[in-house]
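# Structural features, examined
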Amino acid sequence: MANIKDDITIYDYIIIGGGTSGAVAARRLAEGKDHYNVCVIEAGPSHEGIDNSRMPGGLPALFQEGALDWGYNMVPQKGCNNRVIAASQGRVLGGCSAINGTVFTRGVKADYDRIADMGNPGWSWNDMLPHFKASETFHPAECHQADLSAHGTNGPLHTEPHPLMPISQKILDSFIDQDFEYKPDMFVQGEFEGLLCSHYAIKCSYQASLGVGHVVRTIHNGLYVLSNQGS
Ligand SMILES: Cc1cc2nc3c(=O)[nH]c(=O)nc-3n(C[C@H](O)[C@H](O)[C@H](O)COP(=O)(O)OP(=O)(O)OC[C@H]3O[C@@H](n4cnc5c(N)ncnc54)[C@H](O)[C@@H]3O)c2cc1C
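Residues numbered from 1 in each chain as written. Predicted model: local features only at pLDDT ≥ 70, side-chain atom pairs only at ≥ 80, totals over all residues. Heavy atoms only, no water.

### Quick look at the site of the ligand
As a reminder of what qualifies: The rule for a residue being near a molecule or strand is that one of its heavy atoms must lie within 4 Å of it. Any pair of N or O atoms that falls within 3.5 Å is considered a polar contact. Within protein, one atom must be able to donate a hydrogen and the other to accept it, and sequence-neighbouring residues count only if both atoms are side-chain atoms. The protein chains shown are the only cover counted for residues, whose accessible areas, like all others here, come from Shrake-Rupley with a 1.4 Å probe. Lys, Arg, Asp and Glu make up the charged group, whereas Ala, Val, Leu, Ile, Met, Phe, Trp, Tyr, Cys and Pro make up the nonpolar group; the residues left over, Gly among them, are polar.
As a structural note, the neighbourhood of the ligand is formed by 22 residues, with Thr20, Ser21, Glu42, Cys96 and Val103 the closest of them. Interatomic distance of 3.1 Å between a backbone N/O atom of alanine 43 and a nitrogen atom of the ligand. Contact between the ligand and tryptophan 70: an oxygen atom at 3.2 Å from a side-chain N or O atom of the residue. In isolation the ligand exposes 1,000 Å². Once the protein is present, 62% of that is buried. Considered class by class, the residues forming the shell around the ligand number nine nonpolar, 11 polar and two charged.

### Quick look at helix H1 (residues 20-31)
Short version of the rule: Per the convention used, a helix needs a DSSP run of H or I reaching at least four residues, while a strand needs a run of E reaching at least two, with both numbered from the N terminus. How far a helix is expected to stretch is found by multiplying one less than its residue total by 1.5 Å. We call a residue buried when its accessible area falls under 20% of the maximum for its residue type, exposed when it is over 50%, and partly exposed in between, using a 1.4 Å probe and counting protein chains only. By arc we mean the arc of the directions from the helix axis to the C-beta atoms, nothing more.
With 12 residues, H1 should cover 16 Å at 1.5 Å per step; its first-to-last C-alpha distance of 17 Å lies within 8% of that length. Taken together, the buried positions of H1 are occupied by Gly22, Ala23, Ala26, Arg27 and Ala30. Seen from one end, H1 has its buried residues packed into an arc of 130°, which puts them on one side. Structural note: H1 exposes Ser21 and Arg28 on the side pointing more than 90 degrees away from its buried face.

### Re the environment of isoleucine 14
As a reminder, the rule being used: We call two residues in contact whenever any of their non-hydrogen atoms come within 4.5 Å of each other.
Within the secondary structure layout, isoleucine 14 lies in strand S1 (residues 13-16). In this structure the C-alpha to C-alpha distance between isoleucine 14 and valine 38, which are 24 residues apart in sequence, comes to 5.8 Å. Apart from residues lying up to four places away in sequence, isoleucine 14 is in contact with Cys39 and Ile41.

### Quick look at the nonpolar core
Quick note on the threshold: Buried residues of nine kinds, namely Ala, Val, Leu, Ile, Met, Phe, Trp, Tyr and Cys, make up a nonpolar core once their side-chain atoms join them within 4.5 Å.
Listed in full, the seven residues of the largest apolar core are Ile50, Leu59, Leu62, Leu68, Val92, Ala98 and Ile99. Dropping the residues within four chain positions of it, leucine 62 is found in contact with Ile50, Asn52, Ser53, Leu68, Ala98 and Ile99.

### Quick word on the packing of helix H3 (residues 109-117) against helix H4 (residues 125-134)
Working note: a packed helix pair is described by the angle between its axes plus the distance between those axes. To keep it simple, the criterion reads: Helix axes use the C-alpha atoms of the stretch in contact, all axes being lines fitted to C-alpha atoms, and the angles between their N-to-C directions lie in the range 0 to 180 degrees.
Two elements in contact, H3 and H4, have axes whose closest approach is 9 Å; the angle formed by their N-to-C orientations is 115°. Packed against H3, whose contacting residues are Lys109, Tyr112 and Asp113, the element H4 presents Trp125, Met128 and Phe132 at the interface. By residue class, the composition of the contact of H3 with H4 is four nonpolar, no polar and two charged.

### Observations regarding the pattern of salt bridges
Here is the rule we go by: By convention in these notes, a salt bridge is any Lys or Arg side-chain nitrogen within 4 Å of a carboxyl oxygen on Asp or Glu.
A full pass over the atoms with the stated rule returns six salt bridges. Ionic pairing is found between glutamate 31 and arginine 28, a salt bridge with its closest N-O pair at 3.0 Å. Taken as a pair, glutamate 31 and arginine 28 lie in helix H1 at a separation of three residues, close to a single helical turn. Glutamate 191 serves as the salt-bridge partner of lysine 183, at 3.7 Å between the closest nitrogen and oxygen. Classification of lysine 183 as buried rests on a relative accessible area of 18%. You can call glutamate 191 partly exposed: its relative accessible area is 30%.

The structure is reproduced here in structure tokens:
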């Protein structure tokens with residue numbers, strides 16, 4: 001892989017799992033002023049050459065192939081007539097970000113505030129918001145009323161709203177007719193009650209596999225990514 005640096009034998013950090021958070025942590029360690037040597041060990045194969053993981057429309061094919069999934073199943077679900085339901089988990093460089101739906105949501109304001117209240121300074125919504133914004137480059141679209149104050153403009157994660165299909169637009173309109181509140185940007189504002197059309201961590205229909213993107217963009221000295229090329 002382009003970002004392999006193979007003349008290092010001693011690492012400051014070894015990260016097990018090159019998924020969404022592992023890859024981001026690796027990048028942050030490697031690019032910091034201390035230039036740590038970081039080794040990422042991923043159980044699954046490299047993401048390179050797997051087109052369906054880069055195309056949002058390729059998601060169903062990924063499920064059928066199953067090769068990038070750990071293949072976990074839930075126990076029989078009483079509430080679902082004892083059906084056994086697949087619990088997908090990515091097994092590939094990029095982890096679940098290489099097989100997910102790319103819906104862009106930051107989570108709920110009240111949850112972050114609760115985490116902070118449990119004795120975790122720095123985790124409140126207001127503390128987290130600058131980090132959320134720093135991670136995002138938002139691409140506005142005519143079809144979407146964005147709250148630009150809540151979005152970032154210079155981060156590694158490119159996000160973009162997409163127009164609804166006609167039938168989805170009709171469903172949205174019918175909810176609005178029934179007085180549900182339309183909050184087009186609530187997923188970046190930390191809200192959870194209302195209506196919106198979600199937007200996506202993709203630009204021009206090309207999925208930026210979040211974890212993978214972080215690894216690939218990290219052409220820093222000292223980052224060594226080992227993926228299981230054989231499986
Ligand atoms: C089908 C699906 C759709 C989703 N859709 C969305 C969405 O639209 N929007 C959204 O925000 N979130 C979505 N998610 C959730 C989101 O993708 C995950 O919550 C997130 O990617 C998890 O990140 P993580 O770093 O915790 O784990 P992962 O990204 O799963 O990373 C874990 C990595 O560790 C590796 N690993 C595990 N064990 C070992 C080992 N022993 N040795 C070496 N490597 C190991 C795994 O192979 C994997 O690559 C979706 C998830 C799935 C499965």
